[in-house]
Amino acid sequence: MNTTTPIAFVHLRRGGRQYRADAMSAVYRRALAEAGLSSVRIEVLLSDHHLAERHVAELQQRLRALGVRVAVLEHAVSETFLRALRAGGARRIVVVGRPSERARPGVDLSLPRAETAASISSEGFCQELRAMVDEAQEDKGPAPGLSDETGTPLPRTSPAKEGVETAFVVARELRARRPLWEGEERIGDPEALVDAARWASGSALVDLGCPYRRRRRDPVALRGFALPATCARSGCSFCERPRAEAIPVPARIDLALGQLGCLAEARPEITRVQIIDESFLGYVDRFATALVAEGLAKRDLLFTARPDMLLRQRGRLERALAILGGAHRLVLFCLGVENFSARELALFNKGFSPQQALKALAAVEELDRAHPSFALEPSFGFILMNPW
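Residues numbered from 1 in each chain as written. Predicted model: local features only at pLDDT ≥ 70, side-chain atom pairs only at ≥ 80, totals over all residues. Heavy atoms only, no water.

Participant: Just checking my understanding: could you explain the overall build of the protein for this structure?
Facilitator: Scanning the protein from terminus to terminus reveals 13 helices and 13 strands. The 388 residues of the protein split such that 51% are buried. In the protein, the share of contacts with a sequence separation of at least 24, taken over all contacts with a separation of at least 6, comes to 75%. Summed over all atoms, the accessible surface of the protein reaches about 17,800 Å², with 52% contributed by carbon and sulfur. (Helix = DSSP H or I, 4+ residues; strand = E, 2+ residues; numbered from the N terminus. Buried < 20%, exposed > 50% of the residue type's maximum accessible area, 1.4 Å probe, protein only. Contact = heavy atoms within 4.5 Å. Areas by Shrake-Rupley, 256 points an atom, 1.4 Å probe, with all protein chains shown as cover.)

Here you go:
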């Protein structure tokens with residue numbers, strides 16, 4: 001049995017300003033290394049939001065040169081891209097992503113994030129990947145599994161697990177295991193690569209869920225409109241994200257600080273770190289107090305916000321900025337204004353009004369002028385049209 005066949009984690013990025021480094025893949029790669037499975041992380045930077053043919057060819061060359069047999073993706077992207085990966089030598093394709101991608105043709109194994117996150121400790125993820133490697137090494141042909149009525153093999157999926165605390169499990173693993181940062185490669189145009197290096201960032205993963213997921217959809221606003229079966233009955237329309245988890249604030253702070261310390265030790269050159277937690281503004285002042293006491297070197301800490309949450313938690317945010325006193329910066333890099341039409345916001349079940357979005361924009365401008373520990377990088381979540 002050959003357990004050293006390389007596995008490639010392939011990530012597509014739209015450019016240098018991709019603030020969310022894939023923290024989970026760093027944990028997965030560490031777990032694989034401890035299980036004797038080597039891997040490489042290949043990041044492909046898109047040119048003008050498109051995947052250039054020359055970059056696909058370069059990716060295929062790298063896959064062949066490294067002897068990669070199993071490719072792990074965040075999303076299946078397209079059947080054309082999956083075929084290109086196979087042409088580059090990847091005999092098995094694994095997707096760690098959304099439940100809606102489980103049945104994508106060309107995917108041999110689908111591991112939704114919730115299941116994968118919970119399986120790290122039990123080495124379930126490693127066992128699945130080892131099976132993939134063995135199958136690919138022996139070139140058995142299509143992965144075993146169910147078939148549709150035409151006889152075409154369907155992708156395997158891990159069984160659902162109840163009560164999974166997704167991000168909390170992963171974050172604890174980030175503290176227990178030193179993330180594997182070695183073996184990273186980038187493919188892209190020279191200017192994009194330079195920009196990517198300039199905006200290199202890490203991430204502190206606390207909660208992948210959304211606190212707004214608990215809000216039930218407005219039956220009146222959506223009357224007569226059909227939604228995909230994968231969409232939940234609450235939260236924003238079309239969203240598949242899980243609910244925010246019931247993680248106590250002290251645990252959230254401990255998880256974030258632990259990962260900041262780990263990242264500072266492993267990659268001190270990275271000074272921009274995204275706090276992945278939609279509830280961050282709800283405890284930002286307590287986090288600032290703990291961060292200053294930790295004594296870490298100055299960092300830009302990036303976060304996102306909903307307009308209504310920013311307005312509701314503005315007092316906490318201002319207290320946090322005063323506590324930081326320039327020792328660190330809080331950077332709002334995405335404000336989800338979404339749309340300035342009340343009807344569209346109702347269809348998307350966003351839970352705030354155009355007036356609240358405008359007030360939030362004005363508040364952000366005031367904070368940017370008044371606090372040296374606050375920075376705004378103008379990136380806004382915006383939806384121009386709906387599918388109806």
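Now that the structure has been shown, we can carry on.
Participant: I keep staring at the packing of helix α2 (residues 53-66) against helix α3 (residues 79-87) and nothing clicks. Help me out?
Facilitator: Where α2 contacts α3, the axes come no closer than 8 Å and their chain directions differ by 40°. At the point where α2 passes α3, the crossing takes the right-handed sense. Residues V56, L59, Q60, L63 and R64 of α2 touch α3, and the partners they reach there are F81, A84, L85 and A87. (Axes fitted to C-alpha atoms, helices over the stretch in contact; angles between N-to-C directions. Left-handed = near helix turned anticlockwise from the far one by under 90°.)

Participant: For this particular structure, what's the right way to read the side chain of S39?
Facilitator: Take S39: it is sitting in strand β2 (residues 39-45). The residues contacting S39, other than those within four sequence positions of it, are I7, F9, R29 and L32.

Participant: What am I meant to see in the pairing of strand β10 (residues 300-305) here?
Facilitator: Sheet faces and side chains relate simply in a regular strand, where the side chains alternate between the two faces. The element β10 is extensively covered by neighbouring structure, given that five of its six residues are classed as buried. Of the strand pairs in this sheet, strand β9 (residues 272-277) and β10 are connected by three bridges, and their pairing is parallel. Pairing of R272 across the sheet is with D300, part of β10. Strand direction decides the pairing type here: β10 and strand β11 (residues 329-338), joined by six bridges, are parallel. Directly across from D300, in β11, lies its bridge partner R329. (Pairing = 2+ DSSP bridges.)

Participant: Would you mind going over the packing of aromatic side chains with me for this structure?
Facilitator: Each pair of aromatic rings is reported with the distance of its centres and the angle of its planes. For the coordinates displayed, the defined rule picks out four aromatic pairs. Both rings, one in F340 and one in F382, keep their centres 5.8 Å apart while their planes meet at 45°; by these two values the pair is tilted. Of this pair, F340 sits in the loop between β11 and α12 (342-347) while F382 sits in strand β13 (residues 380-382), placing them 42 residues apart in sequence. Its relative accessible area of 39% is what places F382 among the partly exposed residues. Through successive ring pairs, a cluster of aromatic residues spans F280, Y283, F287 and F303. A cation over an aromatic ring shows up here: R306 above the ring of Y212, its NZ or CZ 4.0 Å from the ring centre. (Phe/Tyr/Trp six-rings, centres within 6.5 Å; stacked < 30°, edge-to-face > 60°. Lys NZ or Arg CZ within 6 Å of the ring centre and 35° of its normal.)

Participant: Looking at this structure, I do not really get α3. What am I missing?
Facilitator: Within an α-helix, residues lying three or four positions from one another point in the same direction, as the helix has 3.6 residues per turn. Buried residues of α3: F81, L82, A84 and L85, and no others. Along the long axis of α3, the arc covered by the buried residues comes to 155°, so they all point the same way. Turned more than 90 degrees away from the buried face of α3 sit T80 and R83, all of them exposed. Residues of α3 that are buried in the fold lie against β1 (7-13), α2, β3 (70-73) and β4 (92-95). Phi for G89, located one or two positions after α3, is positive at around 110°. (Arc of directions from axis to C-beta.)

Participant: Help me understand the confidence of the model for the protein in this model?
Facilitator: It should be kept in mind that the predicted coordinates are not to be read in detail where pLDDT is low. For the protein, per-residue confidence averages 77 on the pLDDT scale, and residues scoring 70 or more make up 71% of the total. Contacts for the low-pLDDT stretch residues 114-119, under 50 throughout, to residues beyond four places or in other chains number 19 contacts. Every residue in residues 142-166 is under pLDDT 50, and counting partners more than four places away or in other chains gives 43 contacts. (pLDDT = per-residue confidence, 0-100.)

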